[in-house]
Amino acid sequence: MPELPEVTYYKKYVDATALHQEIVDIQVPDSKIAQASKKEFEEALLHQKFEKSDRHGKYVMLTLSNDKVLVFHFGMTGSFEYLKHDKIPKYAYFTVVFSDNGRLCFTCPRKFGKVYLAESLGAFKKEHKLGIDAMDLDLETFQKLLSPKRGSIKGALLDQHLIAGIGNMYADEMLFQTKIHPNTPVNHLSEVTLKALFKNVHPVLETVIKSQTEEDPLPNTYLTPHRHPGADCPNGNGKIKKMKVAGRSTYFCPECQEEK
Ligand SMILES: [Zn+2]
């Protein structure tokens, strides 16, 4: 499931392909993904250009020349494919056609992705109550956001209204790197532990982004490549276990991440 690092890649992909070209057609073959009618998309997009892209949390937002914004959420399997021919990929459920015959296709085999139309970036963030982007977090904000929380730390990291961009896989990685059991209630974490966790938020995201951009494997000390029950813990002690936390399949090492 695309999280902040993957969505960072999609933003770069759009920057390299789909900006500053006049939009001449919109194809919306699937209404489940489209969060506005075809007519509304046409009215907002036709004869406009994408002037810039932004990423906030797990969303890519494309601002048009008329200041309206086209927003993509990638669900489980969403991705972009840019083409210079009209053979549209099988799972392309939203396609923008440009005057130079380029096409930006939003492919989404499992159809959990969404395409929204918004009046502005600010309006979209407000309407969807998006929290601060994980890359914009500082320690003080992190502590302030988490201090009133009573549920599990894993649940808090996944809450997009609190912090936007961290998903299931990299929340597990941050907790593994900090040796925190995913089920630990936030209010049981000491200030020192919370600081240590914050210190892993950006490095984990940046390491994943770098690994994807440079097509390098993740470090051997990472949990992410060992996400199956019974796998050897990358720290060399214990076996990886799977359990449900905050309704999500969670991987951790019971030896390294003791429950307190
Ligand atoms: Zn371990």
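Preceding block: the structure.
Thresholds, definitions, all that
Residues numbered from 1 in each chain as written. Predicted model: local features only at pLDDT ≥ 70, side-chain atom pairs only at ≥ 80, totals over all residues. Buried ≥ 20, exposed ≤ 12 C-beta atoms within 10 Å, placed from the backbone. Helix = DSSP H or I, 4+ residues; strand = E, 2+ residues; numbered from the N terminus. Contact = placed C-beta atoms within 7 Å. Pairing = 2+ DSSP bridges. Axes fitted to C-alpha atoms, helices over the stretch in contact; angles between N-to-C directions. Parallel < 35°, antiparallel > 145°, perpendicular 65-115°, else oblique. Left-handed = near helix turned anticlockwise from the far one by under 90°. Nonpolar A, V, L, I, M, F, W, Y, C, P; charged D, E, K, R; others polar.

J.: So what about helix α6 (residues 168-178)? Which residues, and what values?
T.: Burial analysis of α6 places 11 of its 11 residues in the buried class, which makes it a mostly covered element. Turning to α6, its buried residues number three or more, namely N168, M169, Y170, A171, D172, E173, M174, L175, F176, Q177 and T178. For α6, the secondary structure elements touched by its buried residues are α5 (153-158), α7 (191-213) and β12 (248-252). K179 occupies a position one or two residues after α6 and carries a positive phi of about 60°.

J.: So, the sheet that holds strand β1 (residues 23-27): which residues are in play, and what are the values?
T.: Read across the open sheet, the 4 strands follow the order β1-β6-β7-β5; overall the sheet is antiparallel. At either margin of the open sheet sits one strand with a lone partner, and together these are β1 and β5 (79-83). Within this sheet the neighbouring strands show an average axis-to-axis angle of 15°, counted without direction. As paired elements, β5 and strand β7 (residues 103-107) share 5 bridges and run antiparallel to each other. Of the residues in β7, the one forming a bridge with E81 is C105. Its contacts with the sheet put helix α2 (residues 38-45) on β1 and β6 (92-98), and the angle it makes with β1 is roughly 165°.

J.: Can you lay out the packing of helix α4 (residues 139-146) against α7 for me, pointing to particular residues and giving the numbers?
T.: At a closest axis distance of 10 Å, the pairing of α4 and α7 adopts a crossing angle of 125°. By the criterion of interaxial angle, the relationship of α4 to α7 is oblique. Here the hand of the crossing between α4 and α7 comes out right-handed. Here L139, F142, Q143 and L146 of α4 lie close against α7, whose contacting residues are L194, K195 and F198. Of the residues belonging to the contact of α4 with α7, the class tally is 5 nonpolar, 1 polar and 1 charged.

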